Every structure is written in structure tokens, then in C-alpha cells.
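Residues per chain, in single letters:
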Amino acid sequence: MPFQPTNRGRIAVLTDTCADIPPALARERDITILPLGIGYPEGDYQDGVDITPEDIYRRMPQEVPKTSLPTGEAIFAAFDRIRAAGYEKVLALIFSSGISGTYNAVRLAAREYRKLEIAVFDTKSASLGLGTMALQAWDYIRAGMEWEELLERIPRLIAGTSIFFSLDTLEYLQKGGRIGRVTCVAGTMLQIKPIISFAPDGQLASVGKVRGRAKSIEELARRVQELVPAGKPYNLAVANGGCPQDVEALKTLLAAPIAGSRRFYEGSIDCTLASHVGPHLIGAGIQVLEE
């Protein structure tokens, strides 16, 4: 998509595949998505390009892929595409540095790339948290927000975004070394389900545990509802990892907050996160806005 005339500052949004923005929505809003790498013994793939989350789930638990950062060449190529589309500045909102080196890779590449003005933000988040940040940044740009104000606003946007996940098991986080500050024990026999969020430093952290899938969905809804502000605009989002029926139950519980939200987004977990958490993740998040 060429540069949009209404974007007076010629500002682009860049994020990575861990943002879980539906491809059609990313294309509609001309958001550049940087794919992370997925590795199996037979070869390497690009997240969302030539491999899907369903491919990942199908090969689990016998095979758990390795994940890798975007290469420097891929990052520079993304910058080149943005510049060729007519943009002059870039807001890069990137997967949490607490569990990935992607932010640092993009930050270092941006230092070297002289043809664009690039501001790189460590969102300390992922999935629907990261995605809503990138989408709201696009909304700010379309509303005419100037570059200097955007640089001040994005850190506050990051601070105002909260997400929660329910996992079936911690097995895959442990295998991949992404366990972070997750300390609660998930019990298969007792059906104990951990509730996970992001700590301020961007690592994963336990925030609760419940017994059974239905209770975990109720807990996600409760935590989001508690953060719905009185008299302030907000965005809501939900996501799932191969369990669409569960996200429908979550949406039912969140019907009133969804109706009151400025924007509501729904996505599916990307290949990178699927590799780290396994199937049947369900998530919900809220983003409180200033204006």
C-alpha cells in the first residue's frame, strides 16, 4: 500500500509477528510485520509466511521447534520497504526483551539505518498486548498526532496495556527456557491452570492459578473487567491458540466491556508464541487510553 496522504508526518508502524495482528488488518492499515524464525530439523521457516500455528500444534508434543530472531538482512529489508512506500519515520513496537532478543536486534539495526528516523520501543509485552499497541499507534498517526507527541505517548500506552493468559501446561515454557518468573505449579491430574501476565521487566510472571478450564476463562474475564476504567476510553482484545470455542466463551463473559470499548480486536497466537506455550492458550487484554 502506498503512503497515505492523510498521514502528514509520513510515519509508519513496524512490529513483529508476535503482535498477532490478523494479516488482513495489517495490510489494511499498512503495518509492517517482521517475521521471527521457526526451526525444525528439516529446515527453517518464517513465522506466518511459510508456516502456521496449526503446523506447530500438529507436530507437538513429539516435536517442539526452535525459534530465532529476524536476521539483520530481514530487518534492513523491512526498513527499505517502508522507505520505498514513501514514509520518513518509523515507530517500531517490538516483542518483550524479557523473553526475546528481537527488540535488541531491531534497535541495533535502526542505529545503522540512516535513511529513516526510527524510534524502537520495548513493549515488555506480546500477542494481543503488543498488537493493540501497534494498532493504537496507527490510530494516533491517522488522527494527526505529531512525531514528538507520539514519542511521549507510546511509553504511556505501553504502561496502560495489561494482558493475561491461561495455559494448559507449563511444559513448553520450561522446555524453551522462557519460564521467567512463572512459579505456580500446573497439575495435570488436578487440572490446575496457571494465569500468566508480564512483569514490569518484560518477563513472564504468575498472577494466579485456578482449577479447570471454565474457571480459568472466568478468571481472565474477571481480571480484565476489574481494569475497565470509569469515564475513560479503552480497547479490548482476546486471542487463542487453537481453541476458538473457548475464546467464544470468554467473549460472552466480556460482552458488556466489549460493547463499551473503543476498539475490540480478536486474534490467533502466532507460531513463535505457540512454540513457547503449546496449544490451547487463551488470552484477554485491556488498553486504557488517555483521551
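For the structure, see preceding data.
Calculation rules
Residues numbered from 1 in each chain as written. Predicted model: local features only at pLDDT ≥ 70, side-chain atom pairs only at ≥ 80, totals over all residues. Heavy atoms only, no water. Pairing = 2+ DSSP bridges. Helix = DSSP H or I, 4+ residues; strand = E, 2+ residues; numbered from the N terminus. Axes fitted to C-alpha atoms, helices over the stretch in contact; angles between N-to-C directions. 1 Å grid on protein atoms, 1.4 Å probe; cavity = no way out; pocket = protein on both sides within 12 Å on 5 of 7 lines; lining within 4 Å. Points joined across faces, edges and corners; volume = space filled by probe spheres on them. Nonpolar A, V, L, I, M, F, W, Y, C, P; charged D, E, K, R; others polar.

**Some remarks on the sheet that holds strand 7 (residues 117-122)**
And step 1. Strands sit in the order 2-1-6-7 across an open sheet of four strands; the sheet is parallel. Every other strand in the sheet has two partners, leaving strand 2 (32-34) and strand 7 as the edge strands with one partner each. Each adjacent strand pair in this sheet contributes to an overall mean axis angle of 20°, direction not counted.
And step 2. With four bridges joining them, strand 1 (residues 11-16) and strand 6 (residues 89-94) adopt parallel strand pairing.

**Here's the deal with empty space enclosed by the protein**
And step 1. The tally for this structure, following the rule as stated, stands at two cavities of 30 Å³ or more.
And step 2. In this structure, the largest cavity is lined by 14 residues; those nearest its centre are Phe 165, Leu 204, Leu 273, Val 277 and Leu 281.
And step 3. The leading source of residues in the lining of the largest cavity is helix 11 (residues 271-277), at three residues.
And step 4. For the lining of the largest cavity, a count of residues per class yields 12 nonpolar, one polar and one charged.
And step 5. Taken as a whole, the second largest cavity encloses approximately 90 Å³ of empty space.
And step 6. Taken together, 15 residues line the second largest cavity, and the ones lying closest to its centre are Ala 19, Asp 20, Leu 128, Gly 131 and Tyr 265.
And step 7. Of all the secondary structure elements, the ones that give two or more residues to the lining of the second largest cavity are helix 5 (127-142), strand 11 (234-240) and strand 12 (263-268).

**Brief notes about the layout of surface pockets**
And step 1. In this structure, the largest pocket encloses a volume near 790 Å³.
And step 2. Of all the secondary-structure elements, those providing two or more residues to the lining of the largest pocket are helix 1 (23-28), strand 2, helix 3 (72-84) and strand 12.
And step 3. Looking at the lining of the largest pocket element by element, the count peaks at four residues for helix 3.
And step 4. Looking at the lining of the largest pocket residue by residue, the class counts come to 20 nonpolar, seven polar and seven charged.
And step 5. Reported here for the second largest pocket is a volume of approximately 220 Å³.
And step 6. Breaking the lining of the second largest pocket down by element, the ones donating at least two residues are helix 5, helix 6 (147-159), strand 8 (161-166) and strand 9 (192-198).
And step 7. In terms of residues, the lining of the second largest pocket owes the most to one element, strand 8, which gives four residues.
And step 8. Considered class by class, the residues forming the lining of the second largest pocket number eight nonpolar, six polar and one charged.

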